[in-house]
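# Structural overview for review
Given next are the chains, with one letter for each unit.
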Amino acid sequence: MASKEVQSTGRQVDEYLYEPPSVSTIQDLKDMYNQLKDTILVSIDFECTDHLPGTSYYERLSEVGMAWYDPRDDPSPSRKFTVEKALPKIRSVHCIMRKYKNFTADSCFAHKTLEEKSHKAMPYSCYFAKSYFCNREKAMAIIEEKMKWLSTRRLSRKEAAGGKKRKVIVLYWDARLETSVFREAGVDITAHGAEQWDFQLLRLFHMRFRRLRNKAENMLYSLGVSLASSSSPDLQSKGFTWHNATNDCWATVAGFLQVLSMAEQPWKWKRWLEEEKSDDDWEMILWSDSKERRAGTDLEALDMSWLDARNFDRNAALSPPPMKWPKDASGQRNSEKYEVDCIGILEFVGISQPESDLQTPEQQSKPRRRRRPGRWRRRCKPDG
């Protein structure tokens, strides 16, 4: 029996942004899976600083993340699709804006005490790519270049001769921040034919959690996105770090692949969406000012034994030391919370540095020769 043609996009949410197709039954999901078998799945996510209220998202942009999965990377496409085989083939990019590279959960002076709202962005916690420093214009150019490249990636000779392009779908989780940045930056993600979906509006999520909008970490964790099965005990103990732009992108693609895998493994559908909980296991959620039960059971953690912890270790080592933490309007660093003595540290010479080239932190940071006590000066140009 031929698959039913499902509507390629749902309700229009914003300019060029749509809900995913309406999926409410296992047959709907199988139809969508069959239509997306050869589609490149992309996710884009941004993070912003917290200390500049009243400014635009683009002005506060501190991280740019991107991840993609191309089913044509599988050397044996005829094999039955499984999410476990697909996950290691997700590719990622992570850019930290040089302008805000010293603003972290530890250093940001906008959060003075533990009682105040925590700093969300986690720039030095990327698991899936090497982090690079650049400016926001370069980061936008990278996204545009990647989208153009993906549209013609792995074309057959016949497709290339006919001028065809690959089908590409860009997934966001609550796209309001990203669409705002793209507007201000003058970036058109659909320039090469890509579709844009707000992934959190997938109807299945509403059916499972009884909410129109859900937190990404809660929903994706329920689909098994975690580091519980990582081969690194250190990563297992840390858990999955959210609000790192590329981690969030990778998790979004992985979560969507997990949803698609239910078409080939219906037991996942039954467990995640339909399985009844015991009275002791019922989870209570707030819905319309009342408490409601939700059916379904979280899926087991995805197999992450392939994940190399060296990327995370390298990126974590780039986190700025206290001597480089930014100062607030009074000239003080965020030393109260962590009791770091910043008095008498190195004096830096402020020289601007061109930001046009994308460089690895190793290329930017070179060993500095120590002079006589009290006469420290940076021999290289500091980042702006």
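Reading the values: the criteria
Residues numbered from 1 in each chain as written. Predicted model: local features only at pLDDT ≥ 70, side-chain atom pairs only at ≥ 80, totals over all residues. Heavy atoms only, no water. Helix = DSSP H or I, 4+ residues; strand = E, 2+ residues; numbered from the N terminus. Buried < 20%, exposed > 50% of the residue type's maximum accessible area, 1.4 Å probe, protein only. Contact = heavy atoms within 4.5 Å. Polar contact = N/O pair within 3.5 Å; in protein donor to acceptor, adjacent residues only side chain to side chain. Salt bridge = Lys/Arg side-chain N within 4 Å of Asp/Glu carboxyl O. Phe/Tyr/Trp six-rings, centres within 6.5 Å; stacked < 30°, edge-to-face > 60°. Lys NZ or Arg CZ within 6 Å of the ring centre and 35° of its normal.

Before going further, it helps to spend a moment on the overall build of the chain. Across its full length, the chain carries 13 helices and 10 strands. Residues counted as buried form 47% of the 384 residues belonging to the chain. Contacts in the chain between residues far apart in sequence, at least 24 positions, make up 75% of those at least 6 positions apart.

Time to look at the side chain of asparagine 135. By the secondary structure assignment, asparagine 135 is in the loop between strand 6 (131-134) and helix 4 (136-151). Note on asparagine 135: relative accessible area 14%, which makes it buried. For asparagine 135, the side chain forms a polar contact with the main-chain nitrogen of lysine 138, separated by 2.8 Å.

Turning our eyes to something else, we now look at the pattern of salt bridges. Once the charged atoms of two side chains with opposite charge are near each other, the side chains can pair. If you walk through the whole model with that rule in mind, you get 14 salt bridges. For aspartate 73, the salt bridge goes to arginine 153, with nearest N and O atoms at 2.9 Å. Taken as a pair, aspartate 73 in the loop between strand 4 (61-69) and helix 3 (83-86) and arginine 153 in the loop between helix 4 and helix 5 (157-161) lie far apart in primary sequence, 80 residues in all. Judged on exposure class, the residue aspartate 73 and its partner arginine 153 are both buried. What emerges from the salt-bridge pattern is a single network uniting Asp38, Asp70, Arg72, Asp73, Arg153, Arg154, Glu159 and Arg166.

A word on the environment of lysine 89. Mapped onto the elements of the fold, lysine 89 is located in the loop between helix 3 and strand 5 (91-97). Taking the C-alpha atoms as reference, lysine 89 lies 7.8 Å from aspartate 70; in sequence the two are 19 residues apart. If sequence neighbours within four positions are ignored, lysine 89 has contacts with Trp68, Tyr69, Asp73, Asp74 and Pro75. At a separation of 3.3 Å, a polar atom in the side chain of lysine 89 contacts the main-chain carbonyl oxygen of lysine 85.

What follows is about the packing of aromatic side chains. Tallied over the entire structure, the rule returns 17 aromatic pairs. With a centroid separation of 5.3 Å and an interplanar angle of 75°, the aromatic rings of phenylalanine 46 and phenylalanine 182 are classed as edge-to-face. Separated by 136 residues along the polypeptide, phenylalanine 46 in strand 3 (residues 40-48) and phenylalanine 182 in helix 6 (residues 176-185) bring together distant segments of the chain. On the accessibility criterion, phenylalanine 182 (5% relative accessible area) is buried. When the centroid spacing of 5.2 Å and the interplanar angle of 80° are considered together, the rings of phenylalanine 199 and phenylalanine 256 count as edge-to-face. Separated by 57 residues along the polypeptide, phenylalanine 199 in the loop between strand 8 (195-198) and helix 7 (203-209) and phenylalanine 256 in helix 10 (residues 245-261) bring together distant segments of the chain. Using a relative accessible area of 0% as the deciding quantity, one classes phenylalanine 256 as buried. Three or more aromatic residues joined by ring pairs form one cluster here, namely Tyr127, Phe128, Phe240, Trp242, Trp250, Trp306 and Phe312. A cation sits over an aromatic face here: lysine 146 above tryptophan 149, 5.1 Å from the ring centre.

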